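The residues making up each chain are set out below.
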Amino acid sequence: MTGGQLDVQHFDAVVVGAGFAGIYMLQKLRESGYSIRVYESADNVGGTWYHNRYPGARCDIESIYYNYTFSEEILNEWTWSSRYAEQPEILDYINFVADKLDLRRDIQFNTRITTARFNETYDFWEIDTDAGYLITAKYFITAIGCLSASNIPNMKGLDSFKGEMYHTGKWPHEEVDFKGKRVGVIGTGSSGIQAIPFIAKEAGHLTVFQRTPQYSTPAQNHAYDPDFLRQIRRNYSEIKQLMCSSMHGVPSFPREELAIEVSPEVRNQRYEKAWQEGGLFTMLYQFGDLGFGEQANETAQEFIRAKIRQIVRDQKTADKLMPKYIYGTKRPIIDTDYFETYNRDNVTLVDIKAEPIEEITPTGLRTAEADYELDMIVFATGFDAMTGPFFKMDIRGRGGVSLKEKWAGGAQLKTYLGIATAGFPNMFMITGPQSPSVLSNMLVSIEQHVEWISDFLDYLRKNNQEVFEAAIPAEEAWSQQCREAAEMSLLPKSDSWYMGANIEGKPRGILPFIGGVGLYRQICDEVAAKGYEGFLTGQASRALHNKSY
Ligand code: NA7
């Protein structure tokens, strides 16, 4: 406050979040001469990689592809140590980029955006923070990540627990000591499967509470050979082109050959090779029909189930670990010694479908069958994916309508390209719902969105257009296209977070666009080439309503 008046800072753009997306958006808009401020609730850059620091946390995309590609200098100056980088190394990398580009001076840390309202009289966003001051910005850009709203299930007695309690997605910065403790892990998604082998090595006893058994294949992580890295650097422009035109943002493609058309021997040889090679999509890419044909998919499922039976010595435990859903309809998981961990004497597996958790007690938890005494509970229970991070803020567009009202409570999710949504002028979402995002190497998706948004802003400036908004028919058509694409795949057949099925009360529906990053890029480029078709642009938001596109 100065002289009894509230200080209001104005920027061309306000970006929420200083993870990979936010800091690249900052760099891009700074280059184009916009005034920009990034707000970040944490005390440093990193986003997902700042918060997900549980033991064993590492990326499931190969390091050489999981980095920025916009700067040759940055590419050449950074050397990854291993095939799948650990969380501290990725966080070091983000810090390295932030320092190199001198980005911190435009980032306000320890500040959470609580509310953003579009002011239709003046055509700017009014933004409140938990630090209590107001900001205005012409453009409001979310870079809030897809998996940043952690999900702790609302279990009876949760507050009564007297021991330590953690969520993998909000891991403390202080070291967590498992030594000699009785630890319970709830959840066996990617996070649980990464953390469990690490915790088991230290804990006195580890009890894993599993709801859905998972397919997981070995990551086959290893240190990088310097010669290999030199070769990658030499060929990076070609590699980048492959990543950008691919399905999942990595430079490989599914084979065309169909699993149902080859002999069982050929199938098993391929699956065995994939198992030995490691990689997130390696198994799924062995045949062209694994993502679409249930019979074909069953062959990959059976291969993995047989591997689990071979690895896990106790047959009762192995039975509990048998996954049954359609492989690939939940995000594939890669691990290091996950199934082997169940051969340890200090590890017990509890199937909570057979004996549901009834309540958390002061000293542990109670299932329908038994009481488990625990010193620590680790929730590896995932996230309210993609839409959840938006609902942590109160975002209001035209007529004061909130985004939550628009998307939640049974309403169908609607966006245009996952970048914008009708009724919310001058707002961009980086890797928003209905973009490929979580189904891809996030870095490829982030760079594509940031560059596309930046080009669109330059177009608006050049054409003296003050406001843009997704047109309703364009949004309807895109959202329909997303649903139809999903229906052609096997994804809707599983209760995954891709379908919003992990969160009680969340409307069921496909969250990402499943058509792949190559096709998606092509669509976005065509929209741009046609003068940003599907967007209304003009001098004032009030006039946009009368326009057709
Ligand atoms: P995920 O993949 O959503 O996994 C969450 C796990 O927690 C999964 O096993 C869930 O079982 C389980 N879960 C969720 N809610 C409950 C309740 N109420 N009770 C018991 N168990 C529960 O999250 P992750 O953090 O592991 O991974 C998220 C992404 O990060 C991952 O896909 C990668 O992209 C990186 P369910 O399968 O729903 O039965």
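Quick note: structure is the one above.
Rules of the game
Residues numbered from 1 in each chain as written. Predicted model: local features only at pLDDT ≥ 70, side-chain atom pairs only at ≥ 80, totals over all residues. Heavy atoms only, no water. Helix = DSSP H or I, 4+ residues; strand = E, 2+ residues; numbered from the N terminus. Contact = heavy atoms within 4.5 Å. Buried < 20%, exposed > 50% of the residue type's maximum accessible area, 1.4 Å probe, protein only. Core = buried A, V, L, I, M, F, W, Y, C linked by side-chain atoms within 4.5 Å. Domains from an automatic or database assignment. Near = heavy atom within 4 Å. Polar contact = N/O pair within 3.5 Å; in protein donor to acceptor, adjacent residues only side chain to side chain. Nonpolar A, V, L, I, M, F, W, Y, C, P; charged D, E, K, R; others polar. 1 Å grid on protein atoms, 1.4 Å probe; cavity = no way out; pocket = protein on both sides within 12 Å on 5 of 7 lines; lining within 4 Å. Points joined across faces, edges and corners; volume = space filled by probe spheres on them. Expected span 1.5 Å × (residues − 1).

Help me understand the environment of A368 in this model?
Mapped onto the fold, A368 is located in the loop between β14 (364-367) and β15 (371-373). Separated by 207 residues in the primary sequence, A368 and F161 place their C-alpha atoms 18 Å from one another. Those residues in contact with A368 that lie beyond four places of it in its chain are E355, P356 and E358.

What exactly am I supposed to notice about the environment of E355 here?
Relative to the helices and strands, E355 resides in the loop between β12 (347-351) and β13 (357-361). Judged by its relative accessible area of 14%, E355 falls in the buried class. Residues E355 and D43, spaced 312 residues apart in sequence, show a C-alpha to C-alpha distance of 41 Å. Leaving out residues up to four positions away in the same chain, E355 has contacts with V350, T367, A368, E369, A370 and Y372.

I'm lost on the nonpolar core in this one. Help?
Side chains of nonpolar character tend, in soluble globular proteins, to be buried together. Within the largest apolar cluster, 123 residues are counted, with the highest numbers of intra-cluster contacts made by F20, F140, L417, W452 and F535. Built from parts of two domains, this core gets at least three residues from each of domain 1 (9-149 + 385-546) and domain 2 (158-379). Not counting the four nearest positions on each side in its chain, W452 is found in contact with L417, I419, C524, D525, V527, A528, Y532 and F535. Core analysis: the next-biggest nonpolar cluster, separate from the first, contains 47 residues, I196, I308, V312 and F339 among them.

Got a minute to help me understand the site of the ligand in this structure?
The local shell around the ligand holds 19 residues, among which T188, S191, R211, T212 and K330 are the closest. One of the backbone nitrogen or oxygen atoms of S190 is found 3.0 Å away from an oxygen atom of the ligand. Measuring from an oxygen atom of the ligand, one finds a side-chain N or O atom of S191 at 2.6 Å. Taken together, the residues of the shell around the ligand break down into eight nonpolar, eight polar and three charged.

I would appreciate a short explanation of empty space enclosed by the protein in the present structure.
To find the voids left in a structure, one rolls a probe of water-molecule size over its atoms. Per the stated rule, a full pass over the model turns up one cavity of 30 Å³ or more. In this structure, the largest cavity encloses a volume near 40 Å³. Lining of the largest cavity is provided by I144, G145, C146, M386, F390, I430, T431, G432 and P433.

I tried to follow helix α14 (residues 442-462) on my own but got confused; where do I start?
An α-helix turns once per 3.6 residues; consequently, residues spaced three or four apart project the same way. Here α14 spans 30 Å end to end across 21 residues, near enough to the 30 Å set by a 1.5 Å rise per residue. The buried fraction of α14 is high, at 15 of 21 residues. Of the residues one or two after α14, N464 is the one with positive phi, at around 50°.

Looking at this structure, I do not really get helix α4 (residues 87-100). What am I missing?
If you check α4, its first and last C-alpha atoms are 20 Å apart, about what 14 residues at 1.5 Å a residue would give, namely 20 Å. Judged by how many residues are buried, α4 sits mostly within the fold: ten of 14 residues are covered. Along α4, the positions that sit buried rather than exposed are Q87, E89, I90, L91, Y93, I94, N95, F96, V97 and A98. Where α4 is buried, its residues contact α1 (20-31), α2 (48-51) and α3 (72-77). A positive phi of about 50° marks D102, the residue just after α4.

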